[in-house]
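Chain residues, written in single-letter form:
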Amino acid sequence: MKSKQKTSTSNAPSSVKLRRLARFSVAIATPFDDRDRIEWKTYTTHARDLLDAGATSVTLFGTTGEGASVTMAERHEALVRLSDAGISLSLAVMTARGLAAEEIAEDCGYALEAGCGAVLLAPPVTIAGLDPVGVVNWYRSVFKHIGESARDVILYNIPSVTGVTVTPDVVSNLRGEFPELVAGVKDSSGDWEYHHRLLSEHSDIAILQSHEPYLARAVNLGAAGTISGLANFQPALVANIARGCDDERVVNLVKLVLSGPPVPILNDLTAHVTGNEAWSRVRAPLVRLSPPSQKKLRAAYDALFS
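Residues numbered from 1 in each chain as written. Predicted model: local features only at pLDDT ≥ 70, side-chain atom pairs only at ≥ 80, totals over all residues. Heavy atoms only, no water.

Glancing now at the overall build of the protein chain. When helices and strands are counted, the protein chain shows 13 helices and 8 strands. Computed over its C-alpha atoms, the radius of gyration of the protein chain comes to 18 Å, within 12% of the 19 Å expected for a compact globule of 306 residues. A principal-axis box enclosing the C-alpha atoms of the protein chain has dimensions of 50 × 40 × 35 Å. In the protein chain, which comprises 306 residues, the share counted as buried stands at 55%. Of the roughly 12,500 Å² of accessible surface on the protein chain, a fraction of 52% belongs to carbon and sulfur atoms. Charged side chains in the protein chain number 30 positive and 33 negative. The centres of these two groups are separated by 3 Å. (Helix = DSSP H or I, 4+ residues; strand = E, 2+ residues; numbered from the N terminus. Rg over C-alpha atoms; globule rule 2.2 N^0.38 Å. Buried < 20%, exposed > 50% of the residue type's maximum accessible area, 1.4 Å probe, protein only. Areas by Shrake-Rupley, 256 points an atom, 1.4 Å probe, with all protein chains shown as cover. Lys, Arg positive; Asp, Glu negative; His and termini not counted. Charge placed at Lys NZ, Arg CZ, Asp CG, Glu CD.)

Per-residue pLDDT for the protein chain has a mean of 93; in total, 95% of the residues score no lower than 70. Contacts from residues 1-12, a stretch scored under 50 in pLDDT, to residues over four places away or in other chains number 33 contacts. (pLDDT = per-residue confidence, 0-100. Contact = heavy atoms within 4.5 Å.)

The next subject is the pairing of strand 6 (residues 182-187). Counting buried positions over the 6 residues of strand 6 gives 6, a clear majority of the element. Where strand 5 (residues 153-157) meets strand 6, 5 bridges bridge the pair, whose relative direction is parallel. Along strand 6, the bridge assignment pairs Val153 with Val182. Of the pairings in the sheet, the one linking strand 6 to strand 7 (residues 206-209) comprises 4 bridges and is parallel in character. Opposite Val185, over in strand 7, you have Ile207 as the bridge partner. After leaving strand 6, the chain enters helix 8 (residues 192-201) and then returns to the sheet as strand 7, a path that is right-handed. (Pairing = 2+ DSSP bridges. Right-handed = clockwise from strand over helix to strand, strands pointing away.)

Moving on to helix 3 (residues 72-84). Three- or four-residue spacings in an α-helix give side chains the same orientation, since the helix completes a turn every 3.6 residues. Taking 1.5 Å of rise per residue, the 13 residues of helix 3 would be expected to cover 18 Å, and the 19 Å separating its terminal C-alpha atoms lies within 8% of that figure. Every buried residue belonging to helix 3 is among Glu74, Arg75, His76, Ala78, Leu79 and Leu82, and all of these are buried. Phi turns positive, to about 85°, at Gly86, one or two residues after helix 3. (Expected span 1.5 Å × (residues − 1).)

Okay, the sheet that holds strand 6 next. As summarised here, the arrangement of the 8 strands in space is 7-6-5-4-3-2-1-8, forming an open sheet in which the pairing is parallel. The two strands at the open ends of the sheet, each matched to only one other strand, are strand 7 and strand 8 (226-228). When strand polarity is set aside, the average angle formed by the axes of neighbouring strands in this sheet is 25°. Across the sheet, helix 5 (residues 132-146) lies against strand 4 (118-121), strand 5 and strand 6, angled at about 150° from strand 4, the strand it touches most. (Axes fitted to C-alpha atoms, helices over the stretch in contact; angles between N-to-C directions.)

On to the packing of aromatic side chains. Taken as a whole, this structure holds 8 aromatic pairs when the rule is applied. Here Tyr43 and Phe61 contribute two aromatic rings whose centre-to-centre distance is 5.8 Å and whose plane-to-plane angle is 10°, an arrangement assigned as stacked. One end of the pair, Tyr43, is in helix 2 (residues 40-52); the other, Phe61, is in the loop between strand 2 (57-60) and helix 3, with 18 residues separating them in the sequence. Like Tyr43, the residue Phe61 is buried in the burial classification. Geometry around Trp192 places Arg217 over its ring, the cationic atom sitting 4.2 Å from the centre. (Phe/Tyr/Trp six-rings, centres within 6.5 Å; stacked < 30°, edge-to-face > 60°. Lys NZ or Arg CZ within 6 Å of the ring centre and 35° of its normal.)

Further remarks concern the environment of Ala114. Summarising the element assignment, Ala114 is placed in helix 4 (residues 101-114). Note on Ala114: relative accessible area 36%, which makes it partly exposed. Setting aside anything within four residues of it in sequence, one finds Ala114 in contact with Leu79 and Leu89.

This next bit is on the pattern of salt bridges. On inspection of all chains with the given rule, the structure shows 16 salt bridges. Across the pair Arg283 and Asp36 runs a salt bridge, and its minimum N-O distance is 3.5 Å. Note that Arg283 is positioned in the loop between helix 12 (262-274) and helix 13 (291-304) and Asp36 in the loop between strand 1 (24-27) and helix 2, a separation of 247 residues in sequence. Arg140 serves as the salt-bridge partner of Glu177, at 2.8 Å between the closest nitrogen and oxygen. Taken together, the residues span a long stretch of sequence, with Glu177 in helix 7 (residues 168-177) and Arg140 in helix 5 at a distance of 37 residues. A residue is classified by how much of its surface remains accessible, and Arg140, at 23% relative accessible area, is partly exposed. Salt bridges sharing common partners tie together Lys17, Arg151 and Asp152. (Salt bridge = Lys/Arg side-chain N within 4 Å of Asp/Glu carboxyl O.)

Looking now at the packing of helix 12 against helix 13. Between helix 12 and helix 13, whose axes approach to 10 Å, the crossing angle comes to 65°. Of the possible angle classes, the one that applies to helix 12 and helix 13 is roughly perpendicular. In the crossing of helix 12 with helix 13, the sense of the turn from one axis to the other is right-handed. Across from Ile265, Asp268, Leu269, Ala271, His272 and Val273 in helix 12, the residues of helix 13 making contact are Gln294, Leu297, Arg298, Tyr301 and Asp302. Looking at side-chain class alone, the contact of helix 12 with helix 13 contains 6 nonpolar, 2 polar and 3 charged residues. (Parallel < 35°, antiparallel > 145°, perpendicular 65-115°, else oblique. Left-handed = near helix turned anticlockwise from the far one by under 90°. Nonpolar A, V, L, I, M, F, W, Y, C, P; charged D, E, K, R; others polar.)

Given below as structure tokens:
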């Protein structure tokens, strides 16, 4: 696969719209009740509060939102619940992740037809070392199954979860074949060299840096913004960094979140800051933090933000 320098095949209106939508998007966590059901009132209130606090969109059921453990029916219900709460679905980004291309296309198509602003589409979750040709073929299959409703796709690079890297060459190939669809890339790799290459070769679409310690640097080099999990409990901090203003506390905060299982830690900090313990619950196979772990985590957080 030959690399393309500064590809100019993007759909300009989609890229411009996505830059506004994802300048500061929150990858919202998912609250559960004691019967393992989504607490919809807490969920929609949280989304509303984040948007009122300045978030440009909310990203649903990604890694932070435990999307792999959320059913298709729950994903569809989320859109109804958000809409009923007065939240425009044009401010929602739906995440899709899996392996069966036709099922993923159905999920994406439903969200787009319902009015979601974009879809965040991870590569096929499969064995590590997948040939980039196979990655392109899989995306091609998803796009063709979505059909005429396909639009506003953000490619999702998170190799620590999927085992697959969406290389800049894969982005180039997909943009060359589907210039109207690929509007951005979310990079959650934590690999600065990779991210810098994305910015160098694909600056005309929305490149999103989701490793917050790199965010200010990336924005100052042309990145469009972020889809951030930390913003569930530190929206003001992340919003400021997304404007290109670095904050040394973010490095230690990310280290704290990565000091154990990230999603339970992030959920527990959301519970701590909001005062709503529903956030500390997680869905299997994840495990809620033990009381001693909670106490240690919250003390460390308070010391950082005292």
